[in-house]
Amino acid sequence: DVNEAVCTEIVLLLKRALRQQPSIRCEVYDRLSAVIAGNRKLHPMVLQLLEEQLDLVYEDDENLLPPLKLSECITTLPDYSFLKEPLPNLLRAILHCTSIIREDEEDDSSLSKLTDRLRSILVRTYKSDLEDWELDKSAQFASTGSGSRNLVTAQSLISIIEVLLQNIITNARGITEESDSIKKLFFILNNITEMLNEKQNAAVLRNKKQPAPARFFSLGGIECLLRFLFVDDMSEHEAFCSALRNTTNLYTWALGVTTEHLKCMRLDHENRNSKDDSVILNGISHSLVANLSKSSSLFKDKTSTVLLRIVQIMKLSYLDKFQEYCESLTCESHDTFSSRIFSYLVKSLEEDDYEESQNYLSILSILHELEPSEKFLEWIKESIKDDGYSSAFTKDIIIILLKIMRELETDLKVLMNLAEDIHLCLGDIEDENYSQNTQRNYKIITENNAPRVCLALGQALERILHDIEWGIQVGCSEDQADAISITMSKLAAIFISLLQSQTPRGTSTIEQVGKIIRIYYTTFTLFIKHEMAKINERGTLRSLEKLSKFVGTQLNDSLYKFIFYIETNDEDSGRKKVAATIKKQVISVPSIIYALEQCERNLILISKKAKTVDFMEFFKRSTARDFRIKGDFLKSKNSESTDNGTQPSKRRKVSN
């Protein structure tokens, strides 16, 4: 039989591969289940192969502990240790292959030997102490040196227990014996994990370039576990589920494992199995939402964080299934997933849990992109009228508001109001009484969060300027050019408020303001050049004249004050970090001056070409400036001359 000959050749290749280095053996073990799934002829041969591999590490004497010869599988060198026989991968391969054969074959008597051994490994594992595995609690746990063997032993034992846990949970029938086994295994797992957290040399691990060991408890296992914890309400499973729910740290551990898997999925989202993973993520989301819906829900902030990451991955990798995903998470009291999350947001704000609230806000923002919600939009508009939120939460609200405003292509009035409120909260760089007796547009903006809001506003303005620049480059009609002029005038008014604001020196906020004002003048220069090229066709735009007048009389004046403000040494800038940041911001001043000078240069050129209009009429003629005025140095010199009694000389007018 040709097929049998091919199967024999495959098994010979597998045996040869299992004599190679550990990394190759890991790959073979992890893919054995896929090999036998497509060919029944391979079942007995692969079973025999797995039995032979297990014989090498299995302790036959039932009275001896531990059941596996883990210490013999670890090779110790002077600098480090490694697992020469990947025991966790072998156990996982056995469980996967036996599961496939049990489904395909009517007679599973061939599995009896492996099944008995797996049962013995399970029972003897939770009977074994850590000392039985030659795990020294008093020794160090490090990736190099004397503690490396201890670390490899601990990590291997964690992986073995995760494999055994997954096997019980995914095949659980809801009986008490199973819950007892899960609790005993998890107790050992939790102890090892806590010991590693306490004694592991984190600094050495960070310097080691090897990646952290992979999790052997899969997302499919997490889905089953969370279903038992929060969804399963079958009466015959009541005792089983209750035992799991009362197991200390089991849920937090499950969330941690889920988070690690989700991080890997984000990094490798293009190579995922869309069908399997999306179904599993849907099941996990059901359990998380069920937990959040309970009045006494557990670890809501961590639960909402995991839910947010799942929503992000569903949008990133499974956009075609996202609508179906959202529809599956509705309930009787909420007809949409958005309204359900919105109810959680309102409740978390009532409890002043801003970490949880930020997660819900981010989820709603993602859902709003795909299916706009009027209710959510109205809530955003109302929220900015209230105060009392944390700075981080306020910034998130403002970012979402700006994003929505941009999508709806609304007027720039909201941005103007935000800029005015930032100016009021931070104060004016010249007028100390500027903010007194003045009503804010949005109470959500305070002195504490104004710098963060300013940063978010600056990023939104930068995107608007890039859109305008793109519109100019692709070409625009006379009406479109008029619209650009009007928009640029409104943006100039916004920039005046930001430039006049007493933004804290040495922060990224003031750096952002300097960046966007430079982009504004660069965009204005590009617009002038565009209109200069069209001047013979349609003449000069009246709106461009108004824009030039406004920039020359208002914006430029605020810009010079802003430059003087950031060049002036701050009393609190003695700290090295702040001083270095201020120096960096001062260095960026020449690029702003250059952008302004290029703008003025092109206004002069278009004025010459237009002949009838002087666009530079309201600009103060500036000279090239490649130096900065040291205000603090001048003040010190003035004070020195005053202390020495030196009076400034009086000049006498010479008569002719």
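These numbers come from a predicted model, not from an experiment. (Residues numbered from 1 in each chain as written. Predicted model: local features only at pLDDT ≥ 70, side-chain atom pairs only at ≥ 80, totals over all residues. Heavy atoms only, no water.)

Novice: Looking at this model, I keep getting lost on the overall build of the chain. Mind explaining?
Specialist: Counting secondary structure elements, the chain contains 27 helices and two strands. Going through the 656 residues of the chain one by one, you find that 47% of them count as buried. Here the analysis covers contacts within the chain between residues at least 6 apart in sequence; of these, 74% occur between residues at least 24 apart. Looking at the chain as shown, the accessible area adds up to about 34200 Å², and 49% of this sits on carbon and sulfur atoms. (Helix = DSSP H or I, 4+ residues; strand = E, 2+ residues; numbered from the N terminus. Buried < 20%, exposed > 50% of the residue type's maximum accessible area, 1.4 Å probe, protein only. Contact = heavy atoms within 4.5 Å. Areas by Shrake-Rupley, 256 points an atom, 1.4 Å probe, with all protein chains shown as cover.)

Novice: What am I meant to see in the pattern of salt bridges here?
Specialist: Side-chain pairing between opposite charges can occur once the charged atoms of the two side chains come close. Counting across every chain of the model gives 16 salt bridges. The shortest N-O distance in the salt bridge between Arg119 and Glu177 comes to 2.8 Å. Placement of Arg119 in helix α5 (residues 112–127) and of Glu177 in helix α7 (residues 176–199) is noted, with a sequence separation of 58 residues between them. Taking relative accessible area as the criterion, Arg119 reaches 38% and is therefore assigned partly exposed. Judged by its relative accessible area of 44%, Glu177 falls in the partly exposed class. A salt bridge links Arg173 to Glu178; its shortest N-O distance comes to 3.6 Å. We classify Arg173 as exposed; its relative accessible area is 60%. (Salt bridge = Lys/Arg side-chain N within 4 Å of Asp/Glu carboxyl O.)

Novice: What's the story with helix α15 (residues 337–350) in this structure? I'm lost.
Specialist: Given 3.6 residues per turn, any residue in an α-helix points the same way as the ones three and four places further on. The terminal C-alpha atoms of α15, which comprises 14 residues, lie 20 Å apart, in line with the 20 Å expected from a rise of 1.5 Å per residue. Most of α15 sits inside the fold, with ten of its 14 residues counted as buried. Taken together, the buried positions of α15 are Phe337, Ser338, Ser339, Arg340, Ile341, Phe342, Tyr344, Leu345, Ser348 and Leu349. (Expected span 1.5 Å × (residues − 1).)

Novice: Explain the packing of aromatic side chains here, please?
Specialist: Throughout the structure, instances matching the rule amount to 15 aromatic pairs. Summarising the aromatic geometry, the rings of Phe376 and Trp379 are spaced 6.4 Å apart at their centres and angled 10° between planes, so their arrangement reads as stacked. A residue pair is termed a helical-turn pair when its members lie 3 or 4 positions apart in one helix, as Phe376 and Trp379 do in helix α17 (residues 374–383) at three residues. There is no split in this pair, since Phe376 and Trp379 are both buried. Here the guanidinium or amino end of Arg227 rests over the ring plane of Phe228, the centre of that ring lying 5.8 Å away. (Phe/Tyr/Trp six-rings, centres within 6.5 Å; stacked < 30°, edge-to-face > 60°. Lys NZ or Arg CZ within 6 Å of the ring centre and 35° of its normal.)

Novice: Would you take a moment to explain the confidence of the model for the chain for this structure?
Specialist: Parts of the prediction with low pLDDT should not have their coordinates interpreted in detail. Overall, the predicted model of the chain reaches an average pLDDT of 83, with 86% of residues at or above 70. No element of the chain has a lower mean pLDDT than helix α8 (residues 202–207), at 46, and none a higher one than helix α9 (residues 219–231), at 93. Here residues 202–211 is modelled with pLDDT under 50, and outside its nearest four sequence neighbours on either side it reaches six contacts, counting other chains as well. Low pLDDT (under 50) marks residues 570–574, which in the prediction has four contacts with non-local residues, meaning those over four places away or in another chain. (pLDDT = per-residue confidence, 0-100.)

Novice: Honestly, the side chain of Glu51 in this entry has me stumped. Any pointers?
Specialist: Structurally, Glu51 can be placed in helix α3 (residues 43–55). Setting aside chain neighbours within four positions, we find Glu51 in contact with Ser110, Lys113, Leu114 and Arg117.

Novice: Can you walk me through the nonpolar core in this structure?
Specialist: Here is a general trend for soluble globular proteins: nonpolar side chains tend to be buried in one another's company. Leu491, Leu498 and Tyr520 are the most contacted members of the largest nonpolar core, which totals 200 residues. At twelve residues, the largest contribution of residues to this core is made by helix α6 (residues 148–170). What Tyr520 contacts, discounting residues up to four positions off in sequence, is Leu465, Met488, Leu491, Ala492, Phe495, Leu547, Val551 and Leu555. (Core = buried A, V, L, I, M, F, W, Y, C linked by side-chain atoms within 4.5 Å.)

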